[in-house]
Amino acid sequence: EEPRGGGGAEGLRNANNNASPSGWPGARGGHPLAPFGGASTEPSYLGRVVLEIVESERTYARDLRSIVEGYLGKIIDAEEPVLRPEQVSALFGNIEDIYELSSTLLQNLESCASDPVAVAVCFVTRSQEFAIYTQYCNNYPSSVAALAECMRSKAQARFLRECQERLRHALPLGAYLLKPVQRILKYHLLLQEIAKHFEHKSGDDYEVVLEAIDTMTCVAWYINDMKRKHEHAIRQQEIQSLLLGWKGPDLTSYGELVLEGTFRVQRVRHERAVFLFDKTLLITKRRGDHYVYKSHIP
């Protein structure tokens, strides 16, 4: 397939290996990329990897559109309120922002003319924008809880099923709301496949691919870390609400919850439940759903 727009564009020439978002190359220096060969040949493995990135992003953007238009849009346009505003907010989070980013990224990827370096540049130049996934991933547990609440209501459950039937989706809404969480953690793996099968593992072009991998690996790591801290903060609040006999300050003053578990003390009948925070070890005894304070070690 001929690159869109015809002739060769300027290559990536700056010293920092950060290409301009415009003028991504379809052919480098006027010559086709070696991994792809002529138009009549079968694409190489690298060519198929690049194609998978573009095609999977197209499918992902289409799925996001179905959520935004087929569910959220129908809820907003309904004559009678189907879900409460707080349910809508919890259920969909910032899905509209995610859809807008994916649509723009897809347009950029489709303009790359199967050039793996240009594909890598798409991720490097948009690295800051992927931060919106942190908000979505942190909200995801609330989304699951909101959906479960909706399914307990006959009217809300029927409405969501009708939306699913109109969209001809084999899977319910919950499966689609999980897709952004899955997608943001997969980008760096797809880019690693480009690097693995890149023909020349040196030079500026290869460095751009490595930079894209580092960028999206950091995004995935940051989101996982924020998700973990968010879950630990919720658990910390839960422990505080269930703690009996504690005279000290709010548990948040002891830093992040690092670990929790149980152990048995010699000559004591019941196990102890312990919580390790950044600045203290809290020792308690279970009493039903509560924890009775026994001791703490700074």
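Residues numbered from 1 in each chain as written. Predicted model: local features only at pLDDT ≥ 70, side-chain atom pairs only at ≥ 80, totals over all residues. Heavy atoms only, no water.

Under an unreviewed UniProt entry, the name given to the protein chain is PKHG3 protein, and the organism recorded is Nyctibius grandis.

Asker: What should I look at first to understand unusual backbone geometry in this one?
Answerer: Most peptide bonds adopt trans geometry, and most residues besides glycine take a negative phi value. Even without glycine at this site, A113 takes up a positive phi of about 50°. Look at A113 and you get partly exposed, because its relative accessible area is 24%. (Buried < 20%, exposed > 50% of the residue type's maximum accessible area, 1.4 Å probe, protein only.)

Asker: Where do I start with the packing of aromatic side chains in this structure?
Answerer: The geometry of an aromatic ring pair is captured by two quantities: the separation of the ring centres and the angle between the planes. All chains considered together, the criterion is met by eight aromatic pairs. Ring plane angle 55° and centroid distance 5.2 Å describe the contact between F123 and Y187, whose orientation is recorded as tilted. Here F123, found in helix α4 (residues 116-125), pairs with Y187, found in helix α9 (residues 187-196); they are 64 residues apart in sequence, far enough to count as distant. Across the pair, Y187 and F123 agree in class, each one buried. Counting every residue linked through ring pairs, the aromatic cluster contains F123, F130, Y133 and Y187. The residue whose ring lies beneath K179 is Y176, and the NZ or CZ to ring-centre distance is 5.2 Å. (Phe/Tyr/Trp six-rings, centres within 6.5 Å; stacked < 30°, edge-to-face > 60°. Helix = DSSP H or I, 4+ residues; strand = E, 2+ residues; numbered from the N terminus. Lys NZ or Arg CZ within 6 Å of the ring centre and 35° of its normal.)

Asker: What should I look at first to understand the environment of T252 in this one?
Answerer: Within the secondary structure, T252 is located in the loop between β1 (243-244) and β2 (257-263). Considering only alpha carbons, one finds T252 and A233, 19 residues apart in sequence, at a separation of 8.3 Å. Separated by 2.7 Å, the side chains of T252 and D250 make a polar contact. (Polar contact = N/O pair within 3.5 Å; in protein donor to acceptor, adjacent residues only side chain to side chain.)

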